[in-house]
Amino acid sequence: VAIVNEVRATKNGHKVLEVEDEEDRCAVLILKDSAPMQENIIPDEVIGIVGKTSRKGDMVVMEELIRPDLPLRGGMERSDSTSSVAFLSDIHVGSNTFLERQWHNMVHWLKTEGKDEIQYVVVPGDCVDGIGIFPGQEEELLIDDIFQQYEALNDLFKSLPDGIKLVVMPGNHDAVRPAEPQPTFSQQITDMFDSQVQFVGNPCYLEIEGRKILAYHGRSMDDWMSAVQTLSYSNPLEAMKEMLRRRHMAPIYGGKTPIAPEKEDYMVIEEVPDIFVTGHVHGAGISEYRGVKIICASTWQSQTAFQ
């Protein structure tokens, strides 16, 4: 069992890994006609290697690749609860491309045909557009004060029907540190909102009506898309499956995702959730992987010039 330090291809079409543990480093050869050759191996992931030492004794020839992965199961157990939860990611209040008309259409539905349909709303980050997040952002802002953006967000939440409980977490556009895991919002911001809103960090395990939900904003998707050729922004659910296979939301270090040097790695997926939800990439999708419902919770922002 080792962490992957480097992945490179040979001129003969094979693949060579440099792996390490706390004591030493080792080269691992993956032959081009072997089953592990079809696997996407990324830097900094932890893998199990079954193989044989080469004749010279200077490397291991991999025969089987083992990942932690999720246990096989049939999905969520039946529940007596009649409650429903909605996932609304990447609201981006303050942006001049915020989809205000569509938001009001949703609120109208919740108050008419969808009355009593939704009891909980989870917001997996990027609640506001933020300030200075990318070059030239000031040209794309309708609200250029961070506190006024959160005041506008509070107004949007107040427009939702009474009785809906909200769980809100930060993303890379929000007013918290960019490094993951992200703490929840400061009291200066949370004091703007009433008791129907509960603020949590990113990522976060939640339990709602007996369902275990793992919510993560999804910033590491940018690194997943760069590292794995078969992944694309048009299908973020596949990147989420890769996270579950490795039991880690952000294994790649030193890329686009800033990672805080905490004593404990909070990006590890220790507990198997019933639902795994992300946002960030502004794509909508729902699927299932080994009994876990996976959801990419889309956005309330149309495409910006920067995007």
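Colleague: An account of the overall build of the chain is requested, with residue identities and associated values reported.
Modeller: A tally of helices and strands in the chain yields five helices and 14 strands. The globule rule puts the C-alpha radius of gyration for 307 residues at 19 Å, and the 22 Å found for the chain is close to it. A principal-axis box enclosing the C-alpha atoms of the chain has dimensions of 70 × 50 × 35 Å. The buried share among the 307 residues of the chain stands at 51%. Contacts in the chain between residues far apart in sequence, at least 24 positions, make up 65% of those at least 6 positions apart. Seen as two clouds, the 28 positive and the 49 negative side-chain charges of the chain have centres 8 Å apart.

Colleague: Summarise the environment of K111; cite the residues concerned and give the values.
Modeller: Residue position: K111 is located in helix 1 (residues 100–111). By relative accessible area, which is 46% here, K111 ends up partly exposed. For the pair K111 and L214, spaced 103 residues apart in sequence, the C-alpha separation works out to 28 Å. The residues contacting K111, other than those within four sequence positions of it, are S159 and P161.

Colleague: Any details on the pattern of salt bridges? Residues and values, ideally.
Modeller: With the rule as written, the count across this model stands at 16 salt bridges. Between R25 and E18 there is a salt bridge; the shortest N-O distance is 3.2 Å. A salt bridge links R25 to E20, with the nearest nitrogen and oxygen atoms 3.4 Å apart. Linked through salt bridges whose partners overlap, the residues forming this network are E39, E45, R67, E242, R245 and R246.

Colleague: Describe in detail the layout of surface pockets, supporting the description with residues and values.
Modeller: To find leftover empty space, one rolls a probe the size of a water molecule over the atoms. Of the pockets and cavities examined, the second largest pocket occupies roughly 290 Å³. Of the residues that constitute the lining of the second largest pocket, the class distribution is ten nonpolar, one polar and six charged.

Colleague: Give a description of helix 1 that names residues and reports values.
Modeller: For the α-helix, the turn length of 3.6 residues means that residues three or four positions removed from each other point alike. Relative to the 16 Å expected for twelve residues at 1.5 Å per residue, helix 1 spans 17 Å between its end C-alpha atoms, a close match to the ideal helical length. Turning to helix 1, its buried residues are W103, M106, V107 and L110. Taken around the axis of helix 1, the buried residues stretch over an arc of 100°, which confines them to a single face. Seen from the open side of helix 1, the exposed residues pointing more than 90 degrees away from its buried face are R101 and H108. On its buried face, helix 1 sits against helix 2 (146–158).

Rules of the game
Residues numbered from 1 in each chain as written. Predicted model: local features only at pLDDT ≥ 70, side-chain atom pairs only at ≥ 80, totals over all residues. Heavy atoms only, no water. Helix = DSSP H or I, 4+ residues; strand = E, 2+ residues; numbered from the N terminus. Rg over C-alpha atoms; globule rule 2.2 N^0.38 Å. Buried < 20%, exposed > 50% of the residue type's maximum accessible area, 1.4 Å probe, protein only. Contact = heavy atoms within 4.5 Å. Lys, Arg positive; Asp, Glu negative; His and termini not counted. Charge placed at Lys NZ, Arg CZ, Asp CG, Glu CD. Salt bridge = Lys/Arg side-chain N within 4 Å of Asp/Glu carboxyl O. 1 Å grid on protein atoms, 1.4 Å probe; cavity = no way out; pocket = protein on both sides within 12 Å on 5 of 7 lines; lining within 4 Å. Points joined across faces, edges and corners; volume = space filled by probe spheres on them. Nonpolar A, V, L, I, M, F, W, Y, C, P; charged D, E, K, R; others polar. Expected span 1.5 Å × (residues − 1). Arc of directions from axis to C-beta.

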